[in-house]
Amino acid sequence: MEMDIDGACKPKEKEGEEEKGKGKGKGKGKPIVAILVGAPGSGKSTFCENVMRASSRPWVRICQDTINNGKAGTKPHCLKSAAASLKEGKSVFIDRCNLEKEQRVDFVKLGGPQVEVHAVVLDLPAKLCVSRIVKRTGHEGNLEGGKAAAVVNRMLKNKELPKLSEGFSRITFCLNETDVEAALNNYNALSPLGTLPHGCFGQKNPNAKTQLGILKFLKRPHETHSQDSVPSQLTKEKCPCSSKTKETVSSLSGAASQKIKVSEDPVAGSISQRDYDVPTLAFPSISTADFQFNLEKASDIIVEKVEEFMDKLGNARLVLVDLTHGSKILSLVRAKAAQKNIDSKRFFTFVGDITQLYSKGGLHCNVIANAANWRLKPGGGVVNAAIFNAGGPALEAASKDQAISLLPGNTMVVPLPSTSPLYSKEGVTHVIHVLGPNMNPERPNCLDNDYIKGCKILQDAYSSLFEGFLSIAKTQVKFPKTSSRNILPRPSVPEDKMNGTMNRSWAPWVKSLYNIAMQPEKYKDEVLEASDDVVVLNDKYPKAKRHLLVLARFEGLDCLVDARKEHLQLLLTMHEVGLKWADKFLHEDASLVFRLGYHLVPSMRQLHLHVISQDFDSKCLKNKKHWNSFNTAFFRDSLDVIEEVSNHGKATLQDDNRLLSMELRCHRCKSAHPNIPKLKSHISNCQAPFSAALQKNGRLVLVQSNSGCDP
């Protein structure tokens, strides 16, 4: 560790000597407020208890989980108790997470001329914290079990490391268990009259914002450098313009290797967009974490199975993912894959969280593997807990629909419902549960160090995993080679349930638009225009003289309820294409007026934009439902949808079937009519202006305002 004492840097060994001497000092010691800073599971309570047992200085532990007569209390309770202890001349530990400056400020104010304020920062790896929480029972704050991973993530996302400028006289950073032991020794040796030197100790990189959380990771920009064939390795390089240290990970290299810059400030879009629609499987190392399988043997099997499946992959990719930068399994696999000259474009390693590969790292993986437990339930291992948490109830329900248990060496492919956040936010279409061999005697089905059997099971597990992925990749819809920007793959099995306002199954006839959107080349007689983003065709049952549909070629967008902010560019493209066709028709017939919009609840699967002239002169417009679907709030103007998705991340939807049964009213003058024939007779002669709401912001497209209808 490096040390900064009152602005001067001194070698580490001097710190121990000086602090030891101070602990035996003869001067008058001051009470200390020692504010513990760390995530759940970082060892704050254990630190306090160890010092209180070993130190001759009187310490009091202030814990919010037990401050109220053994029950959880409040921050004011803690402040009051701490102040009382300080008045009695005792030193106090503030045993709270204190991860944000705002949470620390009131406790720092307890300090003064006669009270020193210290911070002890237990900045241990998030993975270690979560593994401790998963295993513990009887915790004072009831924070235990697999679901605690999400809690750790939320806290670490907003973590602010303490600074001396906040009012601390001393800050000790502990980045690993060795650092914790050293800090314990310092505080244990502190006598009632002793003092510790002021300054900041142990922080390797004072410019770093935070350590990464369990569900957050560093991006992986691809940079190809020509160099000699060398084994992959983890190196460090100093940025010449700052003190920041960047890690560079060479991925699987042949004559030309790819380098991965790992930075705590990831750059958006670092993964090539042209690789977006390449079928990709992200998988963790199976059995090497909680099941304690030997890393050397596991890395041999991973590389062996990857090499075996390389010829079968086509353009598909395999990505081995681990949360920690110094991961030994990643280093071993990289080196061994490099020795076998495995194509680094089709198999590489990635440091980060498997549940946020696209949203945080720009790496789109349509399939992820889960290191599952035999019961196929949340909790247990870190990866399993994180994936079930990110997948939400939809993943758990979909898993239960297929099986309730899994045997070692086997996998289970689960098509992910579109209601799952993993599907909507990350583009994950399938989760493959994998169960490997267990070498941990504290977990079920331990093999008692039988690696002959264990290696066979692990080989079977990877074979089954890769076979399952290939079966998915082969059934994914094939898009034009130029397509890359907007297409998210979808499960090969049609989705049975819709979220939001809809909850229905798609009958075969309802999927006709979907089929056209995905394979327009098979419907050349019907398609007017096809691109990588959209397909345009005439409505088969037009409700006006001109009635077009602009279909989204985006898997997973069945209807408007599925649209989210990541689809904004696609919605803009659909609107632009609709305007282009409306303009074409206006050149042919200047009397026409058009609206562009979506049905609140469509009758056909696949998001489609209606481009419809406002004459409604069509034999196919036969009933009240037809009319009201285009002339009530059931019809959402395209520009309104774009604005709502841009501002709020989704469209405002109010599913109200009464809209379709409302009385028939003219869309111009709003007069009421008893039936469709009389309404049609009226509107053919009605010259009343359209409502002010429709006339503003380009909702109507007509000759004189066409140039002003840019989306």
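Cut-offs and rules
Residues numbered from 1 in each chain as written. Predicted model: local features only at pLDDT ≥ 70, side-chain atom pairs only at ≥ 80, totals over all residues. Heavy atoms only, no water. Buried < 20%, exposed > 50% of the residue type's maximum accessible area, 1.4 Å probe, protein only. Helix = DSSP H or I, 4+ residues; strand = E, 2+ residues; numbered from the N terminus. Pairing = 2+ DSSP bridges. Axes fitted to C-alpha atoms, helices over the stretch in contact; angles between N-to-C directions. Contact = heavy atoms within 4.5 Å. Phe/Tyr/Trp six-rings, centres within 6.5 Å; stacked < 30°, edge-to-face > 60°. Lys NZ or Arg CZ within 6 Å of the ring centre and 35° of its normal. 1 Å grid on protein atoms, 1.4 Å probe; cavity = no way out; pocket = protein on both sides within 12 Å on 5 of 7 lines; lining within 4 Å. Points joined across faces, edges and corners; volume = space filled by probe spheres on them. Nonpolar A, V, L, I, M, F, W, Y, C, P; charged D, E, K, R; others polar. Salt bridge = Lys/Arg side-chain N within 4 Å of Asp/Glu carboxyl O. Parallel < 35°, antiparallel > 145°, perpendicular 65-115°, else oblique. Left-handed = near helix turned anticlockwise from the far one by under 90°. Expected span 1.5 Å × (residues − 1). Bend = angle between axes of the 7 residues up to and from the residue. Disulfide = S-S within 2.5 Å. pLDDT = per-residue confidence, 0-100. Polar contact = N/O pair within 3.5 Å; in protein donor to acceptor, adjacent residues only side chain to side chain.

Among the five residues of strand S18 (residues 430-434), five are classified as buried, and the element is accordingly described as predominantly covered. On S18, burial covers both faces: His 430, Ile 432 and Val 434 on one face and Val 431 and His 433 on the other are all buried. Of the strand pairs in this sheet, strand S16 (residues 367-371) and S18 are connected by five bridges, and their pairing is parallel. Bridging across to S18, Ala 369 finds its partner in Ile 432. Taken together, the five bridges between strand S17 (residues 411-415) and S18 define a ladder with antiparallel strand orientation. Its bridge partner lying in S18, Thr 411 is registered against Val 434.

What follows deals with the sheet that holds S17. Note on sheets: strands pair through backbone hydrogen bonds, and any given pair is parallel or antiparallel. Overall, mixed pairing links the six strands, which are arranged S15-S14-S13-S16-S18-S17 in an open sheet. In this open sheet, the two edge strands, each paired with only one partner strand, are strand S15 (347-351) and S17. The average angle at which neighbouring strand axes cross in this sheet is 25 degrees, direction not considered. Taken strand by strand, helix H9 (residues 328-339) contacts strand S14 (317-322) and S15, and its axis lies near 160 degrees from that of S15.

Quick look at the packing of aromatic side chains now. Under the criterion given, the structure shown has 14 aromatic pairs. Judged by centre distance (5.5 Å) and plane angle (45 degrees), the rings of Phe 630 and Phe 635 are tilted. For the residue pair Phe 630 and Phe 635, the accessibility class agrees, reading buried in each case. Cluster of aromatic residues (ring-pair linked, three or more members): Phe 47, Trp 59, Phe 93 and Tyr 187. Here the guanidinium or amino end of Lys 297 rests over the ring plane of Tyr 451, the centre of that ring lying 5.5 Å away.

Looking now at empty space enclosed by the protein. A full pass over the atoms with the stated rule returns eight cavities of 30 Å³ or more. Reported here for the second largest cavity is a volume of approximately 60 Å³. Contributions of two or more residues to the lining of the second largest cavity are made by strand S6 (116-122) and helix H5 (126-135). Classifying every residue of the lining of the second largest cavity gives nine nonpolar, two polar and two charged.

Throughout the structure, instances matching the rule amount to 21 salt bridges. A salt bridge links Asp 460 to Lys 456; its shortest N-O distance comes to 2.8 Å. Taken together, the positions of Asp 460 and Lys 456, both in helix H13 (residues 451-475) and four residues apart, correspond to about one turn of that helix. A salt bridge links Glu 663 to Arg 665; the nearest nitrogen and oxygen atoms lie 2.7 Å apart. Within the structure, one salt-bridge network assembled from shared partners comprises Glu 296, Asp 300 and Lys 336.

What follows deals with the packing of helix H3 (residues 75-87) against helix H4 (residues 101-108). Running from amino to carboxyl end, H3 crosses H4 at an angle of 30 degrees, the nearest separation of the two axes being 10 Å. Judged on the interaxial angle alone, H4 and H3 are roughly parallel. The crossing of H3 and H4 is right-handed. Every residue of H4 that contacts H3 at Lys 75, Cys 78 and Leu 79 is listed here: Glu 102, Gln 103, Asp 106 and Phe 107. Classifying every residue of the contact of H3 with H4 by side-chain character gives three nonpolar, one polar and three charged.

This paragraph deals with the packing of helix H2 (residues 44-54) against helix H7 (residues 177-188). Interaxial distance between H2 and H7 falls to 9 Å at its minimum, and their mutual angle equals 35 degrees. Judged by the twist between their axes, the crossing of H2 over H7 is right-handed. Counting all contacts with H2, which are made through Phe 47, Asn 50, Val 51 and Ala 54, the residues of H7 involved are Val 180, Ala 183, Leu 184, Tyr 187 and Asn 188.

Let us look at helix H11 (residues 382-402). An ideal rise of 1.5 Å per residue puts 30 Å on 21 residues; H11 reaches only 23 Å between its terminal C-alpha atoms. Approximately 110 degrees is the largest bend angle found in H11, and it occurs at Gly 392, with the proline Pro 393 only one to four residues beyond.

With that settled, consider unusual backbone geometry. Comment: phi is negative for the bulk of residues other than glycine, and the bulk of peptide bonds are trans. Even without being a glycine, Ser 287 presents a positive backbone phi close to 75 degrees. When you line up the elements, Ser 287 lands in the loop between strand S13 (280-283) and helix H8 (295-313). The backbone of Phe 616 shows a phi angle near 50 degrees, a positive value even though the residue is not glycine. Note on placement: Phe 616 falls in the loop between strand S23 (608-613) and helix H16 (624-631).

Here we take up the pairing of S14. With six of six residues buried, S14 lies mostly within the body of the structure. The two faces of S14 match: Arg 317, Val 319 and Val 321 on one face and Leu 318, Leu 320 and Asp 322 on the other face are all buried. The pairing of S13 with S14 spans four bridges and is classified as parallel. Directly across from Thr 280, in S14, lies its bridge partner Arg 317.

Taken as a whole and assessed by the stated rule, the structure comprises zero disulfides. Distance from the sulfur of Cys 669, which forms no disulfide, to the nearest cysteine sulfur (Cys 666) is 3.8 Å. Using a relative accessible area of 35% as the deciding quantity, one classes Cys 669 as partly exposed.

Before going further, it helps to spend a moment on the confidence of the model for the protein. Per-chain confidence: the protein averages 78 in pLDDT, with 77% of residues scoring 70 or above. Of the regions scoring below 50 in pLDDT, residues 1-27 engages in 46 contacts with residues more than four places distant in sequence or in other chains. Low pLDDT, under 50, characterises residues 477-505; the predicted model gives this stretch 90 contacts beyond four residues in sequence or across chains.

Here Asn 373 shows up in the loop between S16 and H11. Here the side chain of Asn 373 touches Leu 376 through a polar contact of 2.9 Å, landing on its backbone nitrogen. Here Asn 373 is in contact with Pro 378, Gly 379, Asn 384 and Leu 435, once residues within four sequence places are set aside.

Moving on, we get to the environment of Ser 85. Structurally, Ser 85 is set in helix H3. Judged by relative accessible area, Ser 85 falls into the buried class, the value being 8%. Residue contacts for Ser 85: discarding those within four places in its chain leaves Val 60, Lys 90 and Val 92.

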